[in-house]
Amino acid sequence: MNDGINPTLEELERRRVRSLMVSEKSVAEHPDVYREIKKIVRDVISSPVDIGDYYKTARKLSELLREMAKTDAISLFYYFAKSIDPLQCGRAMYFRADCLDLWEQLRCIDELRVSLHHIRLIQ
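These figures come from a predicted structure and were not determined experimentally.

1. Remarks on the confidence of the model for the chain
Segments scoring low in pLDDT should not have their predicted coordinates read at a detailed level. The predicted model of the chain averages 88 in pLDDT, with 93% of residues at 70 or higher. Here helix α1 (residues 9-29) stands out as the element of the chain with the lowest mean pLDDT, 88, in contrast to helix α2 (residues 31-46), whose mean of 95 is the highest.

Listed below in structure tokens is the structure:
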């Protein structure tokens, strides 16, 4: 019997798909916020963040992620809002690593959007 403490691989895969679908719905509802999140994350992972700018940048990013997470608490945005926010779990020493993880998840959301809606990316 699966009591939720040790979920099966199938259960984890279902949760992942559901989380991606909810996140995709949030992107459709807030495309401007999503673009801003991607811009900030891209800036963080492509160039150094001055320690004096860390708090302001992390708070801004976590606020945007929290806005996206209003759709549903199982979205990927909810997890990262807590993980990045310096007033919750976020720490300066993990900020870039968290942003790299977030970037990978944003890529997964984009791939889902392309496959569901036949979106073409124009450079």
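2. So, the packing of helix α4 (residues 76-84) against helix α5 (residues 95-117)
At a closest axis distance of 11 Å, the pairing of α4 and α5 adopts a crossing angle of 170°. One element, α4, and the other, α5, form an angle in the roughly antiparallel class. Of α5, the residues touching α4 (which contributes Leu76, Phe77, Phe80, Ser83 and Ile84) are Phe95, Asp98, Asp101, Leu102, Gln105, Leu106 and Ile109. Per-class residue counts for the contact of α4 with α5 are 8 nonpolar, 2 polar and 2 charged.

3. Some details on the packing of aromatic side chains
A full pass over the atoms with the stated rule returns 3 aromatic pairs. Ring geometry for tyrosine 54 against phenylalanine 95: centres 5.2 Å apart, planes inclined by 80°, an arrangement best described as edge-to-face. Linking tyrosine 54 in helix α3 (residues 51-69) with phenylalanine 95 in helix α5, this pair joins segments that are 41 residues apart in sequence. For phenylalanine 95, a relative accessible area of 4% gives the class buried.

4. Regarding α3
An ideal rise of 1.5 Å per residue puts 27 Å on 19 residues; α3 measures up with 27 Å between its terminal C-alpha atoms. The set of residues buried in α3 consists of Tyr54, Thr57, Ala58, Arg59, Leu61, Ser62, Leu64, Leu65, Met68 and Ala69. In the core, the buried residues of α3 are packed alongside α1, α2, α4 and α5.

5. Observations regarding the nonpolar core
The biggest cluster of nonpolar side chains holds 27 residues, and the ones touching the most others in it are Ile37, Leu61, Leu65, Phe77 and Leu102. Those elements that provide at least two residues to this core are α1, α2, α3, α4 and α5. Setting aside its immediate chain neighbours within four residues, leucine 61 contacts Ile37, Ile40, Val41, Ile84, Phe95, Cys99 and Leu102.

Definitions and limits used
- Residues numbered from 1 in each chain as written.
- Predicted model: local features only at pLDDT ≥ 70, side-chain atom pairs only at ≥ 80, totals over all residues.
- Heavy atoms only, no water.
- pLDDT = per-residue confidence, 0-100.
- Helix = DSSP H or I, 4+ residues; strand = E, 2+ residues; numbered from the N terminus.
- Axes fitted to C-alpha atoms, helices over the stretch in contact; angles between N-to-C directions.
- Parallel < 35°, antiparallel > 145°, perpendicular 65-115°, else oblique.
- Contact = heavy atoms within 4.5 Å.
- Nonpolar A, V, L, I, M, F, W, Y, C, P; charged D, E, K, R; others polar.
- Phe/Tyr/Trp six-rings, centres within 6.5 Å; stacked < 30°, edge-to-face > 60°.
- Buried < 20%, exposed > 50% of the residue type's maximum accessible area, 1.4 Å probe, protein only.
- Expected span 1.5 Å × (residues − 1).
- Core = buried A, V, L, I, M, F, W, Y, C linked by side-chain atoms within 4.5 Å.

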